[in-house]
Amino acid sequence: MAGSVSRVELSVTCRSLLDRDLGSRSDPLCVVLHDAGGGRWIELDRTERIKNCQNPEFCKKLVVDYYFEKVQKLKFGVYDIDNKSFDLNDDDYLGGIECTLGQVVSSSVFTRPLELRQGKPAGKGTITVSAEEIKDTRVLCLEIEARNLDKKDLLGKSDPFLEFYKQNDAGMWQLVYRSEVIKDNLNPCWRKISAPLQTFCGGDFNKPIKVQCADHDSDGSHDLIGIFETNLTQLQKAGDGSAVEFECIHPEKKQKKKSYKNSGIIRIKSCKIETEYSFLDYVMGGCQINFTVGVDFTGSNGDPKSPDSLHYISPDGINEYLIAIWSVGSVVQDYDADKLFPAFGFGAQVPPSWQVSHEFALNFNPSNPYCQGIQGIVDAYRQILPQIRLYGPTNFSPIINHVARFAAHSAEQGTAAQYFILLIITDGEITDLDQTRQAIVNASKLPMSIIIVGVGEADFKAMEFLDGDNGVLKSLTGEPAARDIVQFVPFRQFKNAPREALSQMVLAEVPKQLVSYYKWQGWPPVKPPEIKKM
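Rules used throughout
- Residues numbered from 1 in each chain as written.
- Predicted model: local features only at pLDDT ≥ 70, side-chain atom pairs only at ≥ 80, totals over all residues.
- Heavy atoms only, no water.
- UniProt positions renumbered as here; feature names shortened; annotations may be inferred.
- Salt bridge = Lys/Arg side-chain N within 4 Å of Asp/Glu carboxyl O.
- Helix = DSSP H or I, 4+ residues; strand = E, 2+ residues; numbered from the N terminus.
- Contact = heavy atoms within 4.5 Å.
- Buried < 20%, exposed > 50% of the residue type's maximum accessible area, 1.4 Å probe, protein only.
- Polar contact = N/O pair within 3.5 Å; in protein donor to acceptor, adjacent residues only side chain to side chain.
- Pairing = 2+ DSSP bridges.
- Axes fitted to C-alpha atoms, helices over the stretch in contact; angles between N-to-C directions.
- Parallel < 35°, antiparallel > 145°, perpendicular 65-115°, else oblique.
- Left-handed = near helix turned anticlockwise from the far one by under 90°.
- Nonpolar A, V, L, I, M, F, W, Y, C, P; charged D, E, K, R; others polar.
- Phe/Tyr/Trp six-rings, centres within 6.5 Å; stacked < 30°, edge-to-face > 60°.
- Lys NZ or Arg CZ within 6 Å of the ring centre and 35° of its normal.
- Domains from an automatic or database assignment.
- Core = buried A, V, L, I, M, F, W, Y, C linked by side-chain atoms within 4.5 Å.

Going by what an unreviewed UniProt entry lists, the protein chain is known as Copine-3 and is assigned to Alca torda. If you open the UniProt record of the protein chain and go to Function (unreviewed entry), you find "Calcium-dependent phospholipid-binding protein that plays a role in ERBB2-mediated tumor cell migration in response to growth factor heregulin stimulation."

As structure tokens, this is what we get:
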């Protein structure tokens, strides 16, 4: 496990961005990437997109792990988003900067000119990044509605949204939360707000909070409805059927009109503080991570004796399958106490009957398929290669269902004690796509994640489809996955990268997937951390 790590949240604002849209202003979004070595940058987080705005103050904080002992090179990129795709390559680049996280955390405010490329400024555009350590893992949950808001639109009512600001140490107001817009409604009820307590008030219940209600305009010129100030101590009086009410005051109207009362009432229906647990809370609290490997032994890999086969073991004793097992397994094994890992093959004819099997133990011991450590998996793989015949088809569902049975048994215990990771290494030509989709949708309700590493030069479109990054994966019957549990990576992207780059990429999603499962179930760590009062 990594050394001492803090989490920091980065607040980003930009000024004077380039204008790339005809007839309107740009719709910016900011992404932060870190240097994974070998000239590769991996995305860590991204902000929301703000429409029609050249001076955005992004509400979503970028959360980054901070390691004192590492030089963490970061790249911030600002893009004009004009479509719904997650990929930023088809969006206009408005400029970026490269820096280290150390530079950001050691400056109270870090401002730099944006560049389109090294030495070429992006007009007069600048980016400001400020960092704050996340020390408090509690979450503030608010339910808010409004009554009798002022009408701001000529042809309709108002389109109200809320913005929350906290006062920083310099006395400046800093945006911490922006609600959704509710169209054409003077009595709106907003979605439940859930935000880190640290973000909202730094854990200080008496810190001033300013709430601003405005009428949303699509051109970015939002009209103020009214504001009020409060703090968390006041907000906490809401709940158990009794709301806390605040008058929404427009300062200019109040000055001009003696008869002015207010521009509406904001009602806090409920205010709760909940604990949000991290991946490390679960692991340190006793959660074991069980690692299973599935290896593709189908004929499309080529004869293992031939140097152009994906299963050919080179004179220095490696191939892509072995590198994938080593790089992923060497990280995961630290989280498993007994270091016993089940390892299976699929798609080969197996002795003595020479029937095709889609889940045979690499050690040929079906009642005890466990290998001792990652080295044990590697040894079993090397021993089995000359004893089987590569065949087909490429069926994933049997091995997914096999691990899912263990995960289901663990889930019945109702505690955050065991989580399962299945690593499938394949040359990519999947045969049972429909059954695999159903198996993944079923597994998404269980404590498990699936990592697929694609070796060779095949077209991995089916694998990318299973990785739900471009929308929620659905079964053939239309049932959506409860959460995204598949991470697919083509090995060829990592051929010349350092060995640890592959494991960092494929395991990046696992902590989020583990936490999302236990949060969905409402299960705390087996041994929860003691909350340190601030």
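A. The arrangement of the pattern of salt bridges in detail. Counted by the stated rule, this structure contains 17 salt bridges. Arg-7 serves as the salt-bridge partner of Asp-65, at 3.0 Å between the closest nitrogen and oxygen. On the criterion of sequence distance, the pair formed by Asp-65 in strand β4 (residues 62–67) and Arg-7 in strand β1 (residues 5–15) is long-range, its members being 58 residues apart. Arg-437 is the partner of Asp-434 in a salt bridge, and the nearest nitrogen-oxygen pair spans 3.6 Å. Of this pair, Asp-434 and Arg-437 both sit in helix α9 (residues 433–443), 3 residues apart, roughly one helical turn.

B. Summary view of the environment of Gln-234. Turning to its location among the elements, Gln-234 is positioned in helix α3 (residues 232–235). Between the alpha carbons of Gln-234 and Ala-411 there is a distance of 40 Å; along the sequence they are 177 residues apart. Setting aside residues no more than four positions away along its own chain, Gln-234 makes contact with Glu-229, Val-244 and Phe-246.

C. Fine view of the side chain of Asp-150. Tracing the backbone shows Asp-150 in the loop between β9 (138–147) and β10 (160–167). Residue classification places Asp-150 among the buried residues on the basis of a relative accessible area of 15%. At 2.8 Å, the side chain of Asp-150 forms a polar contact with the side chain of Lys-253. When residues no more than four places from it in sequence are discounted, the contact partners of Asp-150 are Ser-158, Leu-186, Ile-225, Lys-253, Asn-262 and Ser-263.

D. Region of interest: the sheet that holds strand β20 (residues 355–357). Pairing is antiparallel in the open sheet, where 3 strands are placed in the order β20-β19-β23. Single-partner strands in this sheet number two, and they are β20 and β23 (389–390).

E. A look at the packing of helix α8 (residues 397–411) against α9. Running from N to C, α8 and α9 point in directions that differ by 15 degrees, and their axes come no closer than 9 Å. Judged on the interaxial angle alone, α9 and α8 are roughly parallel. Crossing of α8 against α9: the hand is left-handed. Of the residues in α9, those touching α8 at Ser-397, Ile-400 and Asn-401 are Gln-435, Thr-436, Ala-439 and Ile-440. Counted by class, the contact of α8 with α9 contains 3 nonpolar, 4 polar and no charged residues.

F. Looking closely at the packing of aromatic side chains. Per the counting criterion, the structure on display carries 18 aromatic pairs. Taking the centre distance of 5.2 Å and the plane angle of 55 degrees together, the rings of Phe-164 and Phe-200 count as tilted. Taken together, the residues span a long stretch of sequence, with Phe-164 in strand β10 and Phe-200 in helix α2 (residues 197–201) at a distance of 36 residues. Note on Phe-164: relative accessible area 1%, which makes it buried. Between Phe-460 and Phe-488 the ring centres are 5.3 Å apart and the planes differ by 50 degrees, which places this aromatic pair in the tilted class. In this pair, Phe-460 is assigned in the loop between β25 (448–454) and α10 (461–466) and Phe-488 in strand β26 (residues 486–490), connecting sequence segments 28 residues apart. The pair Phe-460 / Phe-488 is uniform in exposure class, with both members buried. Each residue in the set Tyr-277, Tyr-282, Tyr-419, Tyr-517, Tyr-518, Trp-520 and Trp-523 is aromatic and connected to the rest through ring pairs, giving one cluster. Directly above the ring of Tyr-165 sits Lys-210, whose terminal nitrogen or CZ lies 5.3 Å from the centroid. One cation-aromatic arrangement involves Arg-389 over Trp-354; the distance from NZ or CZ to the ring centre is 4.0 Å.

G. Spatial organisation of the UniProt feature "domain: C2" (unreviewed entry) in the protein chain. In the numbering used here, UniProt assigns the "domain: C2" (unreviewed entry) feature to residues 1–114 and 123–246. End-to-end, the C-alpha atoms of residues 123–246 are 43 Å apart, and along that stretch the chain is 7% helix and 47% strand.

H. Layout of the pairing of strand β13 (residues 209–215). The buried fraction of β13 amounts to 6 of the 7 residues, a majority that puts the element mostly inside the structure. Here 7 bridges tie β10 to β13, and the two strands are oriented antiparallel to one another. Within β13, the residue paired with Phe-164 across the bridge is Val-211. Judged from the 7 bridges that link them, β13 and strand β14 (residues 223–230) form a sheet pairing that is antiparallel. What sits directly across from Asp-215, in β14, is Asp-223.

I. Up close: the domain arrangement of the protein chain. By domain assignment, the protein chain separates into domain 1 (6–134), domain 2 (138–275) and domain 3 (288–521). Spacing between the C-alpha centres of domain 2 and domain 3 amounts to 48 Å.

J. Here's a closer look at the nonpolar core. Counting residues in hydrophobic clusters, the biggest one holds 85 residues, and the most contacted among them are Phe-291, Phe-297, Leu-362, Ile-377 and Met-448. In contact with Met-448, other than residues within four places in its own chain, are Ile-400, Val-403, Ala-404, Ala-407, Tyr-419, Phe-420, Ala-443, Arg-483 and Ile-485. Grouped together as the second largest cluster of nonpolar side chains are 31 residues, Leu-140, Ile-144, Phe-200 and Phe-228 included.

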